Amino acid sequence: MNQTVGGVAITPELLIFGGVAGAAALCAIGVVAFNNAIRSALCLVVNFFLLAFLYFTLNAEMLGITQVVVYTGAIMVLFLFVIMLLNLGAPNLLVEKKDPKKYLGILLGCGMFVLLGSQLLPELLKINAPTLSPELARFGGPEAIGRSLFTAYVYPFEAVSVLLLIGIVGSILLAKRRI
Amino acid sequence: MADFVQHLHPVLQALIRAVLLVIPSLLLLPIIIWWERRLLSWMQDRIGPNRVGNITFSRTSRLVPGLLKGKKFRLFGLAQPLADFGKLLFKEDITPSAIDRFIYFTAPAIALFPAFAMCGTIPWGPYTFLTPVADVNIGVLYIMAVSSLGVYGIVLAGYSANNKFSLMGGLRSSAQLISYELAMGMSLACIVMATGSLKPSEIVAVEHGPLWGMDIAPFNWIENWNILTPYGLVACMIFLICMVAETNRAPFDLPEAENELVAGYHTEYSSMKFAVFFMGEYAAMFGYGLILSTLFVGGWHMVPVRFAFLAHEYPAFGDIWNMLDTLNGSSILAPVWMVVKGLLMITAYIWIRCTLPRLRYDQLMALGWKSLLPLATANLIVVAIWIVATKVGNQWIGWAAVVVSAAILYGVYQAINKLNKKDRVDLTSRSIVLVDEPPKTREIELVERAPTA
């Protein structure tokens, strides 16, 4: 039933992955390609959202939903807020003039892509889908994450929370003239 | 029924579950809008829309059959939303010229999406094959995530219309939603800690068990509705305030404050695009009502009484208890009670709207950050202490620990407040004191000058 193309079986999962990943890649290009800051930010929002869907297809629901809550729901709203507050008007002012560095950049980027791809692709093609075991089904769930956060990684976790608290206090100190 | 559904393809099953959630809430929207208009006008001593759909047949015309002559057919204005819809549909669709076209046209759709997607993990009855749409392990987090997406529709509408009042409405709304999201998450975290699960279906299952901390002889027929426990009551009040703020309803409707911002973020929207924003707002209200009734008010049960337990305990009246259990929602009546609870929440929304005046912007921010967030955090600490004390000792030690820790936290809060207010001008309430000062008498000195010659 399943057709194979180049040794890879075409399954519904692969088609869904292809659609979502392709759309995510297009959005990622849109982030750098749009002249309008708001549209770039929106592309980033859609990109994060599609990445969350990719996590869902990998059974990592916790990671996916955290992605939506933290990045899409909070950080990108703040980004949009700041962009609107600054009101970066005429987008034509932001367009760069023709620059030889641009073409050099594209060339170097392609070289980097080929270099990384030639190293990564052969390894990635060898990977098969893991068979679902009871341990794997619990992997990445809220219980597993909570357990490891509060047992094995409790010191780093607390250190990060103290760091965030210091960040909050510091920003208040900088923003307020009179405490 | 269950067998038939369970033998379908999983995709078809998911489709059935989604349709069973979305279509009824869409069908309820006109009734909600009618109810809001009628209830609001009764509370404001008006009559409200009560005419559309009424037919009075003629007494004399030959075209009317004799049976109907002079008869009146009343619909109490229930057709008013249909008439409103028709009016909005045929209204001229004005599109301003200097807009960001793509974002302008997609913003209403973005505003509508989270309103309907929000209830995806909420179960509306004891049928595991029909509801919830996705019984995932992260249900409460999913609700938080999707409700936080609601801000995008408003912000983008405000930005794309290229109107300073729209933009201000969008900015206000994004600041407001981010502020109230935190307190809302904290209040939900209390419930998650107390019930020990992120799944709404499991939270409801815990809610239908015996009351927490009161699991002894005279009280164990009461169900563990979270609103009946002290921490749950506080969390429920915080959630209620936050959900009014999240749906941009009065008294938190600053993004569309008419006296300051024309109509806020939808100033430049007309016709069907405005209607879509309108629908999104009411669907979100109903969705939040369902979420509140699931997480705090016992899901699909009508009264917090464990009739199954009573039937087991007092078998003499077994049939009566079993019948009451069936009526209480463990059968076909479950979705009815869910809808009734959702509509009661809508009524609460309307009541709040016509009771409280709109907050000032600094009051809104102070309420979110200085009152609700510390209260929710204190509530979280109290719940944690209660859980530990109940597990280490027994429930009475738990109760004592709750009272003591709540008293200590309240004392700390008062002390911090006193220290803060020591040398600071209080800006939460401003007033002008008019003093009638008596006119100053001016004394004129008369200087005699020597006449110049």
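What comes next is a walk through the structure.

**So, the overall build of chain A**
Okay, step 1: Helices and strands together make up the secondary structure of chain A, namely 7 helices and 2 strands.
Okay, step 2: Mapped from its N terminus to its C terminus, chain A presents α and β elements in the order β-β-α-α-α-α-α-α-α.
Okay, step 3: Burial analysis of chain A (179 residues in total) assigns 18% to the buried set.
Okay, step 4: Contacts spanning at least 24 positions in sequence make up 45% of the contacts within chain A whose residues lie at least 6 apart.
Okay, step 5: With the model as given, the accessible surface of chain A reaches about 13,900 Å², and the carbon-plus-sulfur share is 72%.

**Topic: the packing of aromatic side chains**
Two numbers describe a pair of aromatic rings. These are the distance of the centres and the angle of the planes.
Okay, step 1: Scanning the entire structure with this criterion turns up 19 aromatic pairs over all chains.
Okay, step 2: Their ring planes at 70 degrees and their centres at 5.5 Å tell us that A:F49 and A:F53 sit as a pair that is edge-to-face. In this pair, A:F49 and A:F53 are both assigned in helix α2 (residues 37-57), 4 residues apart and thus about one turn of the helix distant.
Okay, step 3: What makes A:F49 partly exposed here is its relative accessible area of 24%.
Okay, step 4: For the pair B:Y104 and B:F105, a centre-to-centre distance of 5.3 Å together with 85 degrees between the ring planes defines the contact as edge-to-face.
Okay, step 5: Since its relative accessible area comes to 38%, B:F105 is described here as partly exposed.
Okay, step 6: Taken together, the ring pairs in this structure connect B:Y104, B:F105, B:Y265, B:Y269 and B:F277 into an aromatic cluster.

**Quick notes on the nonpolar core**
Buried together is how nonpolar side chains tend to be arranged in soluble globular proteins.
Okay, step 1: Within the largest apolar cluster, 77 residues are counted, with the highest numbers of intra-cluster contacts made by B:F239, B:L292 and B:F296.
Okay, step 2: Not counting residues within four places of it along the chain, the set of residues in contact with B:L292 comprises B:C236, B:F239, B:L240, B:M243, B:V297 and B:M345.

**Remarks on a nonpolar patch on the surface**
Okay, step 1: A contiguous nonpolar surface patch, about 620 Å² in accessible area, is contributed by A:M112, A:L116, A:L120, A:L121, A:L124 and A:I127.
Okay, step 2: Considering the arrangement of structural elements, one finds A:M112 in helix α4 (residues 100-126).

**Structural notes on unusual backbone geometry**
All names here are of chain B.
Okay, step 1: Even without a glycine there, the phi angle at D45 is positive, about 60 degrees.
Okay, step 2: Looking at where D45 falls in the secondary structure, it is placed in the loop between α2 (10-43) and β1 (55-56).
Okay, step 3: For D45, a relative accessible area of 73% corresponds to the exposed category.
Okay, step 4: At F76, a residue that is not glycine, the phi angle is positive and equals roughly 55 degrees.
Okay, step 5: Within the secondary structure layout, F76 lies in the loop between β2 (72-73) and α3 (80-90).
Okay, step 6: On the accessibility criterion, F76 (52% relative accessible area) is exposed.

**Some thoughts on helix α1 (residues 12-33) of chain A**
Residues that lie three or four places apart on an α-helix share one face, since the helix turns once every 3.6 residues.
Okay, step 1: For α1(A), spanning 22 residues, the distance from its first C-alpha to its last is 31 Å, which sits close to the expected 32 Å at 1.5 Å a residue.
Okay, step 2: For α1(A), the elements touching its buried residues are α2 of chain A.

**Focus on the pattern of salt bridges**
Side-chain pairs of opposite charge can arise whenever the charged atoms involved come near each other.
All names here are of chain B.
Okay, step 1: Applying the stated criterion to the full structure yields 8 salt bridges over all chains.
Okay, step 2: Here R358 and D253 are joined by a salt bridge, their closest N and O atoms 2.8 Å apart. Here R358, found in the loop between α13 (334-355) and α14 (361-392), pairs with D253, found in the loop between α8 (230-246) and α9 (258-261); they are 105 residues apart in sequence, far enough to count as distant.
Okay, step 3: Where salt bridges share partners, they join E36, R249, E281 and R353 into one cluster.

**A word on the interface of chain B and chain A**
Okay, step 1: Of the residues lining the interface, 25 residues belong to chain B; the matching set on chain A comes to 25 residues.
Okay, step 2: At the boundary of chain B with chain A, total buried surface from both sides reaches about 2,200 Å², with 77% on carbon and sulfur atoms.
Okay, step 3: The tally of links from chain B across to chain A stands at 0 salt bridges.
Okay, step 4: Put simply, chain B and chain A have 1 residue pair in polar contact (both at pLDDT 80 or more) between them.
Okay, step 5: Those elements giving two or more residues to the side of chain B that touches chain A turn out to be α4 (101-117), α5 (139-160) and α6 (164-195) of chain B.
Okay, step 6: Residue classes in the side of chain B that touches chain A are distributed as 19 nonpolar, 3 polar and 3 charged.

**So, the side chain of B:S197**
Residue and element names in this part refer to chain B.
Okay, step 1: Considering the arrangement of structural elements, one finds S197 in the loop between α6 and α7 (200-207).
Okay, step 2: For S197, a relative accessible area of 8% gives the class buried.
Okay, step 3: Within polar-contact distance, the side chain of S197 engages the side chain of E202 at 2.7 Å.
Okay, step 4: Once residues lying within four places of it in the same chain are set aside, the contact partners of S197 are V192, E202 and I203.

The rules we used
Residues numbered from 1 in each chain as written. Chains lettered and ligands numbered in written order. Predicted model: local features only at pLDDT ≥ 70, side-chain atom pairs only at ≥ 80, totals over all residues. Heavy atoms only, no water. Helix = DSSP H or I, 4+ residues; strand = E, 2+ residues; numbered from the N terminus. Buried < 20%, exposed > 50% of the residue type's maximum accessible area, 1.4 Å probe, protein only. Contact = heavy atoms within 4.5 Å. Areas by Shrake-Rupley, 256 points an atom, 1.4 Å probe, with all protein chains shown as cover. Phe/Tyr/Trp six-rings, centres within 6.5 Å; stacked < 30°, edge-to-face > 60°. Core = buried A, V, L, I, M, F, W, Y, C linked by side-chain atoms within 4.5 Å. Patch = residues over 30% accessible without salt bridge, like charges linked within 9 Å, V, L, I, M, F, W, Y side chains within 5 Å. Salt bridge = Lys/Arg side-chain N within 4 Å of Asp/Glu carboxyl O. Expected span 1.5 Å × (residues − 1). Buried area = accessible area lost by both parts, 1.4 Å probe. Polar contact = N/O pair within 3.5 Å; in protein donor to acceptor, adjacent residues only side chain to side chain. Nonpolar A, V, L, I, M, F, W, Y, C, P; charged D, E, K, R; others polar.

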